[in-house]
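A closer look at the structure
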Amino acid sequence: MSGVFVTGGTGFVGRHVCRLLAAVGQEVTAIVRPGSVARVPEGIARVIVVEDIFTQTPEWWAEHLTEGAHLIHLAWTATPGKYINDPANLRCLAGTLAMAEGAIAAGISKITGIGTCIEYRMGDAPLDIDTPLDPQSPYAGAKAAAFTALSTSLAKTDTDFAWCRLFALHGEGEHPGRLVANLHSRLANGQEIPLSDGAQIRDFLDVKEAAQRIVTTALGPTNGPVNICSGTGISVRDLALGIATQYGRVDLLKFGARPNNIFDPATIVGVPTKMPKDFAP
């Protein structure tokens with residue numbers, strides 16, 4: 001192998017992916033924006049700084065990638081509260097396709113992209129990789145389009161392809177505006193937390209475990225769609241109560257203080273993709 005290139009390596013998930021790759025002896029090249037250089041994790045062998053990866057041409061990618069290397073593509077628009085409907089999703093989609101074209105020309109061994117559970121058609125049953133796609137937002141639509149385009153295009157090349165669909169991640173480095181991080185922060189400071197009724201069922205997984213599965217997928221033999229999830233659903237109410245109990249401040253949880261989002265699926269629980277037993281990074 002000629003190393004691993006990583007986009008989005010300074011983000012919530014990407015930092016853990018880069019650290020794990022470095023820890024298992026991989027030569028990692030992080031492709032980052034100028035403002036993110038200071039956040040590059042320790043142990044990274046090389047950093048390529050570029051103003052915006054999504055405006056680079058296939059020729060740029062072909063010049064900077066290395067034949068035989070792996071590429072893990074985590075970068076995407078991800079501003080909490082904005083990314084779901086962000087018009088920038090189209091730019092991320094176009095830039096991702098240009099990246100893939102350049103990667104093919106460079107002779108990249110495998111591309112591992114990052115998708116989302118909300119690409120799927122929602123229902124009461126657990127979501128597995130055979131569940132039909134039915135994205136209902138610009139973010140989910142752009143991710144599903146990237147998956148469809150890359151899986152069909154790369155199938156006709158020597159470049160392998162995997163697509164890791166993430167469910168509800170939490171843990172170290174989580175944005176303070178996200179649910180679990182917000183609960184810990186406000187409870188630790190004795191602040192009330194206005195919540196919906198909390199009936200939504202979600203599939204939560206620690207980001208470090210998610211990173212392990214992404215790396216195992218990227219470096220191992222698994223191709224195609226991959227569900228990165230726990231396989232266990234828990235209501236937002238029970239999750240919040242469990243965290244609040246740790247602080248002895250259940251009284252700070254104000255269920256029903258915020259209206260439920262009528263567009264929010266009642267249940268999002270996945271069927272985890274089995275990792276190969278005979279392979280570990």
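These numbers were taken from a predicted model, which means no experiment stands behind them. Every chain is numbered on its own, with residues counted from 1 as its sequence reads. The predicted origin of the model limits local features to residues at a pLDDT of at least 70 and limits the giving and counting of side-chain atom pairs to 80 or more, whereas totals for whole chains, interfaces and linings rest on all residues. Working from all heavy atoms in the structure, the side-chain values ignore hydrogens and water.

**Focus: the packing of helix H5 (residues 179-188) against helix H7 (residues 236-247)**
Every axis in this analysis is a line fitted to C-alpha atoms, fitted for helices over the stretch in contact. Angles between the N-to-C directions lie between 0 and 180 degrees. Secondary structure is summarised from DSSP: a helix means a run of H or I of at least four residues, a strand means a run of E of at least two, and numbering begins at the N terminus for each. Between H5 and H7, the shortest axis-to-axis distance is 10 Å and the interhelical angle comes to 35 degrees. Where H5 crosses over H7, the two elements pack in a sense that is right-handed. Here Leu179, Val180, Leu183, His184, Leu187 and Ala188 of H5 lie close against H7, whose contacting residues are Val236, Leu239, Ala240, Ile243, Ala244, Gln246 and Tyr247. Considered class by class, the residues forming the contact of H5 with H7 number eleven nonpolar, two polar and no charged. Left-handed describes a crossing in which the near helix is turned anticlockwise from the far one by less than a right angle; the clockwise case is right-handed. Throughout, a contact is declared for two residues whenever any of their heavy atoms are within 4.5 Å. The classification used treats Ala, Val, Leu, Ile, Met, Phe, Trp, Tyr, Cys and Pro as nonpolar, Asp, Glu, Lys and Arg as charged, and all other residues, Gly among them, as polar.

**A closer look at the environment of Ser36**
For Ser36, the position within the fold is in the loop between strand S2 (28-32) and strand S3 (46-49). Put simply, Ser36 and Lys208 are 172 residues apart on the chain and 21 Å apart in space, counted from C-alpha to C-alpha.

**Side note on the side chain of Arg15**
Mapped onto the elements, Arg15 comes out in helix H1 (residues 14-23). Burial classes follow relative accessibility: with a 1.4 Å probe on protein chains only, a residue under 20% of its type's maximum area counts as buried, one over 50% as exposed, and anything between as partly exposed. Charge convention: Lys and Arg are scored as positive, Asp and Glu as negative, and His as well as the terminal groups of each chain are ignored. Here, a salt bridge means any Lys or Arg side-chain nitrogen found within 4 Å of an Asp or Glu carboxyl oxygen. Buried Arg15, no salt bridge; nearest opposite-charge side chain is Glu172, N-O distance 6.4 Å. Excluding anything up to four places from it in sequence, Arg15 contacts Gly9, Thr10, Arg39, Pro41 and Gly173.

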